[in-house]
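Chain by chain, the residues:
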Amino acid sequence: MGNKALELNPPNATYHLSTHGSDWLWAAFSIFGVSLLAVVAWTFSRPRGTRLFHQIAIVVLTTGSLAYFSMASDLGATPVRVEFRGDGTRQIWFVRYIQWFICFPLLLLELLLATGLSLSDIFTTLFMGIVLVITGLVAALVPSTYKWGYYTFGVAALFYIWYVLLWHGPHTTFAAGGVLRTGYLMAAGYLSFLLLLYPIAWACAEGGNVITVTSEMIWYGILDILAGPVFLFFFLWELRGVDYATFGLHSGKYTDKGAYAGHTTQAGYGNTAQPAGTAPVTTADAAGNV
(Lines give C-alpha, C1' and ligand atoms only; values in the text may rest on other atoms or scores of the structure.)
Protein backbone atom coordinates (compact mmCIF):
# COMPACT_ATOMS: atom_id res chain seq x y z
CA MET A 1 0.00 0.00 0.00
CA GLY A 2 1.59 3.26 -1.14
CA ASN A 3 1.46 6.75 0.24
CA LYS A 4 -2.04 8.11 -0.50
CA ALA A 5 -1.77 11.30 1.54
CA LEU A 6 -2.12 13.56 -1.51
CA GLU A 7 -5.12 11.57 -2.76
CA LEU A 8 -6.96 11.86 0.54
CA ASN A 9 -5.84 15.46 1.13
CA PRO A 10 -5.48 17.04 -2.34
CA PRO A 11 -3.00 19.94 -2.70
CA ASN A 12 -4.54 23.41 -2.60
CA ALA A 13 -2.02 25.41 -4.65
CA THR A 14 -0.32 25.54 -8.06
CA TYR A 15 3.11 24.82 -6.58
CA HIS A 16 2.54 22.03 -4.10
CA LEU A 17 3.99 19.04 -2.32
CA SER A 18 4.70 15.88 -4.33
CA THR A 19 4.26 12.28 -3.25
CA HIS A 20 8.04 11.91 -2.94
CA GLY A 21 8.06 14.97 -0.70
CA SER A 22 5.37 13.41 1.46
CA ASP A 23 7.46 10.21 1.68
CA TRP A 24 10.40 12.25 2.97
CA LEU A 25 8.19 13.98 5.53
CA TRP A 26 6.96 10.62 6.84
CA ALA A 27 10.60 9.61 7.27
CA ALA A 28 11.30 12.84 9.17
CA PHE A 29 8.21 12.22 11.30
CA SER A 30 9.58 8.78 12.16
CA ILE A 31 12.91 10.28 13.24
CA PHE A 32 11.15 12.78 15.50
CA GLY A 33 8.85 10.09 16.90
CA VAL A 34 11.63 7.62 17.70
CA SER A 35 13.73 10.40 19.22
CA LEU A 36 10.79 11.43 21.38
CA LEU A 37 10.35 7.90 22.74
CA ALA A 38 14.08 7.67 23.45
CA VAL A 39 14.15 10.98 25.35
CA VAL A 40 11.04 10.00 27.37
CA ALA A 41 12.77 6.78 28.43
CA TRP A 42 15.97 8.71 29.19
CA THR A 43 14.01 11.21 31.28
CA PHE A 44 12.46 8.57 33.51
CA SER A 45 15.87 6.99 34.04
CA ARG A 46 17.09 10.18 35.73
CA PRO A 47 16.41 11.15 39.35
CA ARG A 48 13.71 13.68 40.10
CA GLY A 49 15.08 17.18 40.15
CA THR A 50 17.45 16.50 37.24
CA ARG A 51 14.91 16.32 34.41
CA LEU A 52 14.34 19.93 33.37
CA PHE A 53 16.48 19.91 30.22
CA HIS A 54 15.10 16.50 29.23
CA GLN A 55 11.51 17.68 29.67
CA ILE A 56 12.17 20.71 27.47
CA ALA A 57 13.45 18.26 24.85
CA ILE A 58 10.22 16.24 25.17
CA VAL A 59 8.15 19.34 24.39
CA VAL A 60 10.30 20.17 21.36
CA LEU A 61 10.19 16.63 19.95
CA THR A 62 6.46 16.22 20.59
CA THR A 63 5.74 19.46 18.74
CA GLY A 64 8.03 18.46 15.87
CA SER A 65 6.37 15.05 15.58
CA LEU A 66 2.90 16.62 15.34
CA ALA A 67 4.08 19.16 12.77
CA TYR A 68 5.72 16.58 10.53
CA PHE A 69 2.72 14.27 10.78
CA SER A 70 0.57 17.16 9.53
CA MET A 71 2.90 18.12 6.69
CA ALA A 72 3.41 14.51 5.59
CA SER A 73 -0.40 14.23 5.40
CA ASP A 74 -0.49 17.38 3.19
CA LEU A 75 -2.27 19.28 5.95
CA GLY A 76 -1.45 22.65 7.52
CA ALA A 77 -0.78 24.71 4.37
CA THR A 78 -2.51 27.63 2.68
CA PRO A 79 -2.09 28.95 -0.90
CA VAL A 80 -0.38 32.30 -1.38
CA ARG A 81 0.23 34.02 -4.72
CA VAL A 82 3.89 33.86 -5.78
CA GLU A 83 5.89 37.01 -6.47
CA PHE A 84 8.66 35.59 -8.68
CA ARG A 85 9.28 32.86 -11.22
CA GLY A 86 5.84 32.15 -12.60
CA ASP A 87 2.19 32.68 -11.84
CA GLY A 88 -0.20 30.94 -9.52
CA THR A 89 -0.03 30.08 -5.85
CA ARG A 90 2.41 28.24 -3.61
CA GLN A 91 1.70 26.20 -0.50
CA ILE A 92 2.79 28.08 2.63
CA TRP A 93 3.03 25.69 5.58
CA PHE A 94 1.74 27.59 8.59
CA VAL A 95 1.94 24.40 10.68
CA ARG A 96 5.73 24.59 10.36
CA TYR A 97 5.74 28.11 11.79
CA ILE A 98 3.57 26.93 14.69
CA GLN A 99 6.24 24.29 15.32
CA TRP A 100 9.02 26.88 15.23
CA PHE A 101 7.02 29.31 17.39
CA ILE A 102 6.98 26.68 20.16
CA CYS A 103 10.31 24.95 19.60
CA PHE A 104 12.77 27.71 18.75
CA PRO A 105 12.41 29.66 22.03
CA LEU A 106 12.66 26.37 23.93
CA LEU A 107 15.89 25.45 22.15
CA LEU A 108 17.29 28.85 23.09
CA LEU A 109 16.11 28.35 26.67
CA GLU A 110 17.78 24.93 26.77
CA LEU A 111 21.08 26.57 25.86
CA LEU A 112 20.86 29.78 27.87
CA LEU A 113 19.87 28.12 31.16
CA ALA A 114 23.37 26.65 31.17
CA THR A 115 24.94 30.12 31.18
CA GLY A 116 25.13 32.82 33.80
CA LEU A 117 22.81 35.16 31.89
CA SER A 118 20.21 37.04 33.89
CA LEU A 119 16.53 36.19 33.47
CA SER A 120 15.97 39.53 31.73
CA ASP A 121 18.64 38.71 29.12
CA ILE A 122 17.18 35.25 28.59
CA PHE A 123 13.65 36.65 28.28
CA THR A 124 14.74 39.21 25.68
CA THR A 125 16.54 36.55 23.64
CA LEU A 126 13.50 34.28 23.68
CA PHE A 127 11.36 37.23 22.56
CA MET A 128 13.71 37.85 19.62
CA GLY A 129 13.32 34.17 18.71
CA ILE A 130 9.54 34.67 18.61
CA VAL A 131 9.99 37.81 16.49
CA LEU A 132 12.13 35.82 14.05
CA VAL A 133 9.45 33.15 13.59
CA ILE A 134 6.47 35.52 13.39
CA THR A 135 8.11 37.83 10.86
CA GLY A 136 8.96 34.80 8.75
CA LEU A 137 5.33 33.66 8.81
CA VAL A 138 3.92 37.09 8.01
CA ALA A 139 6.46 37.55 5.22
CA ALA A 140 5.52 34.17 3.73
CA LEU A 141 1.81 35.10 3.74
CA VAL A 142 2.36 38.51 2.08
CA PRO A 143 2.18 38.15 -1.73
CA SER A 144 3.77 41.53 -2.52
CA THR A 145 7.34 42.75 -2.26
CA TYR A 146 6.58 44.06 1.23
CA LYS A 147 7.36 40.55 2.46
CA TRP A 148 11.05 41.46 2.31
CA GLY A 149 10.50 44.18 4.90
CA TYR A 150 9.34 41.56 7.40
CA TYR A 151 12.23 39.37 6.30
CA THR A 152 14.64 42.20 7.20
CA PHE A 153 13.09 42.57 10.66
CA GLY A 154 13.52 38.84 11.20
CA VAL A 155 17.17 38.90 10.17
CA ALA A 156 17.78 41.80 12.57
CA ALA A 157 16.30 39.71 15.40
CA LEU A 158 18.55 36.84 14.34
CA PHE A 159 21.64 39.06 14.65
CA TYR A 160 20.65 39.81 18.25
CA ILE A 161 20.29 36.09 18.94
CA TRP A 162 23.73 35.44 17.47
CA TYR A 163 25.17 38.18 19.67
CA VAL A 164 23.76 36.56 22.81
CA LEU A 165 24.67 33.00 21.85
CA LEU A 166 28.19 33.67 20.60
CA TRP A 167 29.33 36.70 22.61
CA HIS A 168 27.24 37.67 25.61
CA GLY A 169 26.48 34.15 26.82
CA PRO A 170 30.05 32.79 26.69
CA HIS A 171 31.32 35.81 28.67
CA THR A 172 29.12 35.04 31.68
CA THR A 173 30.09 32.87 34.64
CA PHE A 174 28.96 29.28 34.12
CA ALA A 175 27.63 27.71 37.30
CA ALA A 176 28.96 24.27 36.41
CA GLY A 177 32.41 25.47 35.41
CA GLY A 178 34.66 24.91 32.43
CA VAL A 179 33.31 21.54 31.33
CA LEU A 180 29.86 22.99 30.72
CA ARG A 181 31.33 26.09 29.06
CA THR A 182 33.06 23.90 26.48
CA GLY A 183 29.86 22.01 25.75
CA TYR A 184 27.92 25.26 25.51
CA LEU A 185 30.37 26.79 23.03
CA MET A 186 30.11 23.74 20.79
CA ALA A 187 26.31 23.64 20.99
CA ALA A 188 25.90 27.41 20.51
CA GLY A 189 28.23 27.43 17.50
CA TYR A 190 26.42 24.46 15.99
CA LEU A 191 22.96 26.00 16.47
CA SER A 192 24.12 29.41 15.24
CA PHE A 193 25.40 27.85 12.01
CA LEU A 194 22.05 26.13 11.44
CA LEU A 195 20.25 29.42 12.07
CA LEU A 196 22.26 30.93 9.22
CA LEU A 197 20.80 28.37 6.82
CA TYR A 198 17.13 28.94 7.67
CA PRO A 199 16.90 32.48 6.16
CA ILE A 200 18.68 31.23 3.05
CA ALA A 201 16.14 28.40 2.73
CA TRP A 202 13.28 30.88 3.24
CA ALA A 203 14.58 33.20 0.53
CA CYS A 204 14.80 30.31 -1.93
CA ALA A 205 11.42 28.81 -1.01
CA GLU A 206 8.62 31.01 0.35
CA GLY A 207 10.39 34.24 -0.59
CA GLY A 208 11.72 33.80 -4.11
CA ASN A 209 9.92 30.65 -5.30
CA VAL A 210 13.29 29.42 -6.60
CA ILE A 211 13.01 25.82 -5.40
CA THR A 212 10.03 23.46 -5.47
CA VAL A 213 7.88 22.74 -2.43
CA THR A 214 9.37 19.24 -2.25
CA SER A 215 12.92 20.65 -2.24
CA GLU A 216 11.80 23.09 0.45
CA MET A 217 10.57 20.18 2.56
CA ILE A 218 13.84 18.32 2.19
CA TRP A 219 15.90 21.43 3.07
CA TYR A 220 13.83 22.42 6.09
CA GLY A 221 13.46 18.80 7.16
CA ILE A 222 17.22 18.26 7.31
CA LEU A 223 17.65 21.51 9.25
CA ASP A 224 14.87 20.63 11.70
CA ILE A 225 16.33 17.19 12.34
CA LEU A 226 19.79 18.66 12.94
CA ALA A 227 18.38 21.45 15.17
CA GLY A 228 15.96 19.11 16.93
CA PRO A 229 16.86 15.48 17.67
CA VAL A 230 20.58 15.74 16.83
CA PHE A 231 21.15 18.97 18.77
CA LEU A 232 19.10 17.83 21.78
CA PHE A 233 20.84 14.45 22.08
CA PHE A 234 24.22 16.14 21.89
CA PHE A 235 23.38 18.79 24.48
CA LEU A 236 21.73 16.35 26.89
CA TRP A 237 24.73 14.06 26.59
CA GLU A 238 27.02 16.96 27.50
CA LEU A 239 24.89 17.53 30.63
CA ARG A 240 24.92 13.92 31.77
CA GLY A 241 27.62 14.40 34.41
CA VAL A 242 26.74 17.92 35.53
CA ASP A 243 25.48 18.45 39.07
CA TYR A 244 22.05 20.06 38.64
CA ALA A 245 22.36 21.73 42.04
CA THR A 246 24.86 24.16 40.47
CA PHE A 247 22.07 25.55 38.28
CA GLY A 248 19.93 26.49 41.28
CA LEU A 249 16.86 25.13 39.49
CA HIS A 250 15.29 23.14 42.36
CA SER A 251 11.70 24.23 42.85
CA GLY A 252 11.70 23.44 46.57
CA LYS A 253 8.16 22.09 46.40
CA TYR A 254 7.57 19.39 48.95
CA THR A 255 6.85 16.88 46.17
CA ASP A 256 10.51 17.25 45.19
CA LYS A 257 11.69 14.88 47.91
CA GLY A 258 15.35 15.22 47.01
CA ALA A 259 15.34 18.97 47.47
CA TYR A 260 12.99 18.76 50.43
CA ALA A 261 14.84 16.22 52.52
CA GLY A 262 16.65 18.90 54.49
CA HIS A 263 13.40 20.50 55.63
CA THR A 264 11.80 17.58 57.46
CA THR A 265 11.99 19.38 60.79
CA GLN A 266 10.00 22.43 59.70
CA ALA A 267 6.97 23.41 61.75
CA GLY A 268 3.73 21.76 60.71
CA TYR A 269 5.42 18.65 59.28
CA GLY A 270 5.91 16.11 62.02
CA ASN A 271 6.18 16.53 65.79
CA THR A 272 9.79 17.69 66.07
CA ALA A 273 9.95 20.42 68.71
CA GLN A 274 11.55 23.76 67.92
CA PRO A 275 14.47 24.81 70.16
CA ALA A 276 13.54 27.43 72.73
CA GLY A 277 14.05 31.02 71.60
CA THR A 278 14.10 30.23 67.86
CA ALA A 279 11.56 31.39 65.35
CA PRO A 280 9.49 28.70 63.61
CA VAL A 281 10.49 27.76 60.07
CA THR A 282 7.98 29.21 57.63
CA THR A 283 6.81 27.79 54.36
CA ALA A 284 8.68 30.51 52.52
CA ASP A 285 11.91 29.50 54.29
CA ALA A 286 11.40 25.91 53.20
CA ALA A 287 10.62 26.81 49.64
CA GLY A 288 14.19 27.68 48.70
CA ASN A 289 14.87 29.48 45.46
CA VAL A 290 12.05 29.06 43.01
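Since the structure is predicted, the reported quantities are computational estimates derived from the model, not experimental observations.

Draft legend 1. Spotlight on empty space enclosed by the protein. Going through the model one piece at a time under the given rule, you end up with 2 cavities of 30 Å³ or more. Lining the largest cavity are 26 residues, with Trp-100, Leu-132, Val-133, Leu-195 and Tyr-198 positioned closest to its centre. Counting only elements with at least two residues in the lining of the largest cavity, the list comes to helix 4 (94–112), helix 5 (119–141), helix 6 (147–168), helix 7 (178–207) and helix 8 (213–238). In terms of residue count, helix 4 provides more of the lining of the largest cavity than any other element does, 6 residues in total. Tallied by class, residues from the lining of the largest cavity come to 20 nonpolar, 5 polar and 1 charged.

Draft legend 2. Focus on a nonpolar patch on the surface. A contiguous nonpolar patch, built from Val-59, Phe-94, Ile-98, Phe-101, Ile-102 and Ile-134 and spanning about 480 Å² of accessible area, is present on the exposed surface. The dominant element in the nonpolar patch, judged by the number of residues it contributes, is helix 4, at 4 residues. Along the chain, Val-59 falls in helix 3 (residues 52–72).

Draft legend 3. Structural detail: helix 6. Compared with the 32 Å implied by 1.5 Å per residue over 22 residues, the 31 Å span of helix 6 between its first and last C-alpha is a close match. Inspection of helix 6 places Lys-147, Gly-154, Ala-157, Leu-158, Ile-161, Trp-162, Val-164 and Leu-165 among the buried residues, and these make up the whole buried set. The buried residues of helix 6 all sit within an arc of 160° when viewed along its axis, so they share a single face. Across helix 6 from its buried face, at more than 90 degrees, point the exposed residues Thr-152, Phe-153, Phe-159 and Trp-167.

Draft legend 4. Structural context of the confidence of the model for the protein. Chain-level pLDDT for the protein is 85 on average; 82% of the residues reach the 70-or-more range. Segment residues 258–276 is flagged for pLDDT under 50; beyond a separation of four residues in sequence, or across chains, it makes 22 contacts in the model. For residues 278–290, every residue scores under 50 in pLDDT, and the model assigns this stretch 19 contacts once sequence neighbours within four places are set aside.

Draft legend 5. How the structure looks around the packing of aromatic side chains. Inspection of the entire model under this criterion finds 17 aromatic pairs. For the ring pair Trp-26 and Phe-69, a centre distance of 5.5 Å and an interplane angle of 80° mean the geometry is edge-to-face. With Trp-26 in helix 2 (residues 19–44) and Phe-69 in helix 3, the pair connects residues that are 43 residues apart, well separated along the chain. The interplanar angle of 0° and the centroid separation of 6.4 Å between the aromatic rings of Tyr-190 and Phe-231 together place this pair among those described as stacked. Of this pair, Tyr-190 sits in helix 7 while Phe-231 sits in helix 8, and the two are 41 residues apart along the sequence. For Tyr-190, a relative accessible area of 26% corresponds to the partly exposed category. For Phe-231, a relative accessible area of 0% gives the class buried. The rings of Phe-53, Tyr-190, Phe-231 and Phe-235 are connected pair by pair, giving a single aromatic cluster.

Draft legend 6. Broad picture of the packing of helix 5 against helix 6. Interaxial distance between helix 5 and helix 6 falls to 8 Å at its minimum, and their mutual angle equals 155°. Accordingly, the angle class assigned to the pair helix 5 and helix 6 is roughly antiparallel. Helix-helix and strand crossings are classified by hand; for helix 5 and helix 6 the assignment is left-handed. For the pair helix 5 and helix 6, the contacting residues are Asp-121, Thr-124, Thr-125, Met-128, Gly-129, Val-131, Leu-132, Thr-135, Val-138 and Ala-139 in the first and Lys-147, Tyr-150, Tyr-151, Phe-153, Gly-154, Ala-157, Leu-158, Tyr-160, Ile-161, Val-164 and His-168 in the second. Grouping the amino acids of the contact of helix 5 with helix 6 by side-chain chemistry returns 13 nonpolar, 6 polar and 2 charged.

Draft legend 7. Seen up close, the pattern of salt bridges. In total, this model carries 2 salt bridges according to the counting rule given. Of the charged contacts, one joins Arg-90 and Glu-216 as a salt bridge, the two residues approaching to 2.8 Å between their closest N and O atoms. With Arg-90 in strand 2 (residues 89–92) and Glu-216 in helix 8, the pair connects residues that are 126 residues apart, well separated along the chain. Given the relative accessible area of 2%, Arg-90 is considered buried. Given the relative accessible area of 1%, Glu-216 is considered buried. In this structure, the salt-bridge partner of Glu-216 is Arg-96, at a minimum N-O distance of 3.0 Å. Here Arg-96 lies in helix 4 and Glu-216 lies in helix 8, a separation of 120 residues in the sequence. There is no split in this pair, since Glu-216 and Arg-96 are both buried. Three or more residues joined by partner-sharing salt bridges are found here, namely Arg-90, Arg-96 and Glu-216.

Here is what the cut-offs are and how they apply
Residues numbered from 1 in each chain as written. Predicted model: local features only at pLDDT ≥ 70, side-chain atom pairs only at ≥ 80, totals over all residues. Heavy atoms only, no water. 1 Å grid on protein atoms, 1.4 Å probe; cavity = no way out; pocket = protein on both sides within 12 Å on 5 of 7 lines; lining within 4 Å. Points joined across faces, edges and corners; volume = space filled by probe spheres on them. Helix = DSSP H or I, 4+ residues; strand = E, 2+ residues; numbered from the N terminus. Nonpolar A, V, L, I, M, F, W, Y, C, P; charged D, E, K, R; others polar. Patch = residues over 30% accessible without salt bridge, like charges linked within 9 Å, V, L, I, M, F, W, Y side chains within 5 Å. Areas by Shrake-Rupley, 256 points an atom, 1.4 Å probe, with all protein chains shown as cover. Salt bridge = Lys/Arg side-chain N within 4 Å of Asp/Glu carboxyl O. Expected span 1.5 Å × (residues − 1). Buried < 20%, exposed > 50% of the residue type's maximum accessible area, 1.4 Å probe, protein only. Arc of directions from axis to C-beta. pLDDT = per-residue confidence, 0-100. Contact = heavy atoms within 4.5 Å. Phe/Tyr/Trp six-rings, centres within 6.5 Å; stacked < 30°, edge-to-face > 60°. Axes fitted to C-alpha atoms, helices over the stretch in contact; angles between N-to-C directions. Parallel < 35°, antiparallel > 145°, perpendicular 65-115°, else oblique. Left-handed = near helix turned anticlockwise from the far one by under 90°.

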